[in-house]
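A look at the structure
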Amino acid sequence: MDLDTVLNRPWSGWSKDDGPDTDVVLSSRIRLARNLEGVPFPVAMKGEHLTAVMAAAERVVESLNSGAGLGRYSLIAIKDLRQLDRAVLVEKHLMSPQHASNEKYGALILREDECVSIMVNEEDHFRIQTLSSGLQLPETLRLANVVDDAMDRVVRYAFSPQIGYLTCCPTNVGTGLRGSVMVHVPALALTGQAGSVLSAVGKLGLVVRGLYGEGSEAAGNVFQISNQVSLGQTEGDIVANLSGIARRIIDQERDARARLINGIRMQLEDRVFRAFGVMKNARIMSSAEALRLWSDIRLGICAGLIMGIPLAKLDELLVMSRPGYIQRTAGREMEPSERDITRANMIRKLLEV
Amino acid sequence: MMLCNRCGKNPASVHVQTIINGVKTEYDLCDACAHEEGYISMFHPFTSGAGNFVSAFLEGMPWTGTVSKPEQCPVCGWSYDEFARTGFVGCQSCYEKFGKRMEGVLRRIHGATRHVGKTPGWRKPTGDTKLDALKAELEEAIRKEEYERAAVLRDQIKELEKKSLSH
């Protein structure tokens, strides 16, 4: 696999194919935490244990590459990556920000289409992650299980029949499964319902995360919903529960969008096209502004107000407008003010039809 | 000017809100801390904040042991205090070592203490009744914290597995 190919493009294999319900759900993600039997977790690991984990990682890559239809995988040591390469991998959600600085022990196993990434020696020895577009958690889980089974054939996982897969943090014990859906809920935010809908979700044993800017709205109106409980339920039940709740949020968001269109269509159009106008013409653009405009334009595309721009293309902006991607594409580090100019240029080019 | 809730030094620039089991927590972080906590990438799916999360579950669970020396895992040397502070355990044996209290922690976090999901290949029943019986006995011994008996059983299992491999 050519890593440059992955790092050069603002899109991913999974984001290219339009999944179901992409008008509200950006992505579905499954993570399985796995550790090797008899090797201390990374937090307590010593140099000699690294050899055991890396040998296992090599067997894993071999097993995955020899499995039919599993794709092509590469093993990359974090220390061999340039800083900006790491930044882009983080921005593409292929590894965590913490893992990017894990030079001593960290590695990444990456499938060329970016649907599968496995962090080696992050919090656990292995963190299998599968990603797909829209709401398709069961399918995403199936892929994670296929990868997990291929790994299971060549390594011995730490496991207890009582409490399941053993992980560094007890919050992941049992299935080691964390499912997440990234939802875009601009209409719930505009109608002031986002808070109540999402805190209701929080009462159902799920975790809602959003990043807040200075105002009360989450940046880009994007929230991540994931399960908290990983023990005492089957993988299928966890995923079914999360899918069911995501489905309710989708319904509520669509209702709110319909109310906006039917109730205050002109104001909505004005908002959407103002955003579109700025996005297509601005010469200086901060990442916060890009995100805010992205949210309005995405709503406009989904509501049928803006034609001719596929959602997948607009969503390239989410990676493209990040500092790491901008600087790596330019081939050098930049001051924020210079990045804002480059960002505006890149976005204008993206939106040229 | 509001200061960062984490370091208390720099001005806060990021407001983070999490809702866990219906409990809303909000805090303000500076850029550096937001980065370290993994919040800097806007849609980042990896934010764990797990350490704090586990510590919250450990609160109100007073030290009940009679020994004054902190309890340590014999395999990795990790202490229960370190676990309480970081939310992490050092190795798989910590789960056995901190047995009873760990069970309480798991119940608080997950509302359950029994795994009902997937099983890795090597843990699935082997079809060898003697081996399976020994393995079940081993689990029982570990649960009852009878470590000497567990060690004997573990050796017997290893011996049997070696034999079945050489066939």
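Residues numbered from 1 in each chain as written. Chains lettered and ligands numbered in written order. Predicted model: local features only at pLDDT ≥ 70, side-chain atom pairs only at ≥ 80, totals over all residues. Heavy atoms only, no water.

In this section: the overall build of chain B. A tally of regular secondary structure across chain B gives 7 helices and 2 strands. Sequence-ordered secondary structure for chain B, helices as α and strands as β, is β-β-α-α-α-α-α-α-α. Evaluated residue by residue, chain B yields a buried proportion of 44% over its 167 residues. Of the contacts formed within chain B by residues at least 6 apart in sequence, a portion of 31% connects residues at least 24 apart. A total accessible area of about 9400 Å² is found for chain B, and carbon and sulfur atoms account for 54% of it. (Helix = DSSP H or I, 4+ residues; strand = E, 2+ residues; numbered from the N terminus. Buried < 20%, exposed > 50% of the residue type's maximum accessible area, 1.4 Å probe, protein only. Contact = heavy atoms within 4.5 Å. Areas by Shrake-Rupley, 256 points an atom, 1.4 Å probe, with all protein chains shown as cover.)

The next thing to look at is the overall build of chain A. Helix and strand content of chain A: 14 helices and 10 strands. Computed over its C-alpha atoms, the radius of gyration of chain A comes to 21 Å, within 12% of the 20 Å expected for a compact globule of 353 residues. Counting only C-alpha atoms, chain A reaches 65 × 45 × 40 Å along its principal axes. Here chain A, with 353 residues, has 63% of them falling under the buried criterion. Summarising the internal contacts of chain A: among those between residues at least 6 apart in sequence, 70% fall at separations of at least 24. For chain A, the accessible surface area stands at approximately 13000 Å², while carbon and sulfur atoms represent 51% of it. On chain A, the mean spot of the 41 positive side-chain charges and the mean spot of the 42 negative ones are 2 Å from each other. (Rg over C-alpha atoms; globule rule 2.2 N^0.38 Å. Lys, Arg positive; Asp, Glu negative; His and termini not counted. Charge placed at Lys NZ, Arg CZ, Asp CG, Glu CD.)

Our next topic: the confidence of the model for chain B. Residue and element names in this part refer to chain B. Residues with a pLDDT of 70 or more make up 66% of chain B, whose mean pLDDT is 74. Per-residue pLDDT, averaged within each element of chain B, yields its smallest value for helix α2 (residues 50–58) (54) and its largest for helix α4 (residues 92–97) (92). Across residues 47–52, where pLDDT falls below 50, the model places 10 contacts with residues more than four positions away in sequence or in other chains. Long-range and interchain partners of residues 60–69, a stretch whose pLDDT sits below 50, account for 11 contacts in this model, where long-range means more than four residues apart. Complex prediction metrics read pTM 0.82 and ipTM 0.86. (pLDDT = per-residue confidence, 0-100.)

For the rest of this paragraph, the subject is the domain arrangement of chain A. All names here are of chain A. Each domain of chain A was delimited in the assignment, giving domain 1 (3–253) and domain 2 (264–350). Facing the 26 residues of domain 1 at the interface are 23 residues of domain 2. Across the domain 1/domain 2 interface, buried area totals approximately 2000 Å², and carbon plus sulfur atoms make up 62% of it. The largest contributions to the domain 1 side of the interface with domain 2 come from Pro10, Leu84 and Glu91, which together make up 32% of the buried area. (Domains from an automatic or database assignment. Buried area = accessible area lost by both parts, 1.4 Å probe.)

Counting 114 residues, the largest nonpolar core has Ile118, Phe126, Ile225, Met279 and Trp294 of chain A as the members making the most contacts within it. Looking at which element gives the most residues to this core, the answer is helix α9 (residues 235–263) of chain A, with 10 residues. In this structure, this core is formed jointly by two domains, domain 1 (3–253) and domain 2 (264–350) of chain A, each of which donates at least three residues. Every residue in contact with isoleucine 225 of chain A, bar those within four places of it in the chain, is listed here: Gly179, Ser180, Val181, Val183, Leu198, Val201, Leu206, Val207, Val208, Leu242 and Ile249 of chain A. In terms of nonpolar packing, the next biggest core, distinct from the first, is built from 24 residues, Phe41 of chain A together with Cys73, Cys76 and Phe98 of chain B among them. (Core = buried A, V, L, I, M, F, W, Y, C linked by side-chain atoms within 4.5 Å.)

Residue and element names in this part refer to chain A. Looking at chain A as a whole, the pLDDT averages 93, with 97% of positions reaching at least 70. Looking at the elements of chain A, mean pLDDT is at its lowest for strand β9 (residues 206–212), recorded as 74, and at its highest for strand β4 (residues 116–120), recorded as 98. A low-confidence stretch, residues 212–216 (pLDDT under 50), is modelled with 9 contacts involving residues beyond four sequence positions or located in other chains.

Bringing unusual backbone geometry into the picture now. Residue and element names in this part refer to chain A. Phi is positive for aspartate 21, which is not a glycine, with a value near 60°. Positionally, aspartate 21 belongs in the loop between α2 (13–16) and β1 (25–34). The exposure class of aspartate 21 is buried, given its relative accessible area of 16%. Phi angles above zero are rare outside glycine, and histidine 93 is one such case at about 65°. Relative to the elements of secondary structure, histidine 93 occurs in the loop between α4 (83–91) and α5 (97–100). Judged by its relative accessible area of 13%, histidine 93 falls in the buried class.

For the rest of this paragraph, the subject is the packing of helix α10 (residues 265–281) of chain A against helix α11 (residues 287–302) of chain A. Residues and elements named next belong to chain A. One can describe the packing of α10 onto α11 by two numbers: an axis separation of 8 Å at closest approach and a directional angle of 130°. The pairing of α10 with α11 is recorded here as oblique in orientation. When the axes of α10 and α11 are compared, the crossing they make is left-handed. Where α10 abuts α11, its residues Leu268, Arg271, Val272, Ala275, Phe276, Val278 and Met279 lie against Glu289, Ala290, Leu293, Trp294, Asp296, Ile297, Leu299 and Gly300. Grouping the amino acids of the contact of α10 with α11 by side-chain chemistry returns 11 nonpolar, 1 polar and 3 charged. (Axes fitted to C-alpha atoms, helices over the stretch in contact; angles between N-to-C directions. Parallel < 35°, antiparallel > 145°, perpendicular 65-115°, else oblique. Left-handed = near helix turned anticlockwise from the far one by under 90°. Nonpolar A, V, L, I, M, F, W, Y, C, P; charged D, E, K, R; others polar.)

All names here are of chain A. With respect to burial, strand β8 (residues 177–184) is a largely interior element, 8 of its 8 residues being buried. Burial along β8 is two-sided: Leu177, Gly179, Val181 and Val183 and Arg178, Ser180, Met182 and His184, pointing in opposite directions, are all buried. As defined by bridge partners, β1 adjoins β8 across 7 bridges and the pair is classed as antiparallel. Each residue of the ladder has a partner; that of isoleucine 30, found in β8, is glycine 179. (Pairing = 2+ DSSP bridges.)

Bringing the side chain of serine 15 of chain A into the picture now. Residues and elements named next belong to chain A. If you trace the backbone, serine 15 turns up in helix α2. Here serine 12 takes part through its backbone nitrogen, which lies 2.9 Å from a polar atom of the side chain of serine 15. Beyond its immediate chain neighbours, meaning those up to four positions away, serine 15 contacts Ser133 and Ala312. (Polar contact = N/O pair within 3.5 Å; in protein donor to acceptor, adjacent residues only side chain to side chain.)

All right, on to the pattern of salt bridges then. Counting across every chain of the model gives 28 salt bridges over all chains. For the salt bridge of aspartate 149 of chain A with lysine 118 of chain B, the shortest nitrogen-to-oxygen distance reads 2.9 Å. Note that aspartate 149 of chain A is positioned in helix α6 (residues 137–152) and lysine 118 of chain B in the loop between α5 (99–110) and α6 (129–143), a pairing that runs across two chains. Residue lysine 118 of chain B is classed as buried on the basis of its relative accessible area, which comes to 18%. Between arginine 274 of chain A and aspartate 270 of chain A there is a salt bridge whose closest N-O contact spans 2.8 Å. One end of the pair is arginine 274 of chain A and the other is aspartate 270 of chain A, both in helix α10 and 4 residues apart, which spans about a single turn. Salt bridges sharing partners connect three or more residues here, namely Asp4, Arg82, Asp85 and Arg328 of chain A. (Salt bridge = Lys/Arg side-chain N within 4 Å of Asp/Glu carboxyl O.)

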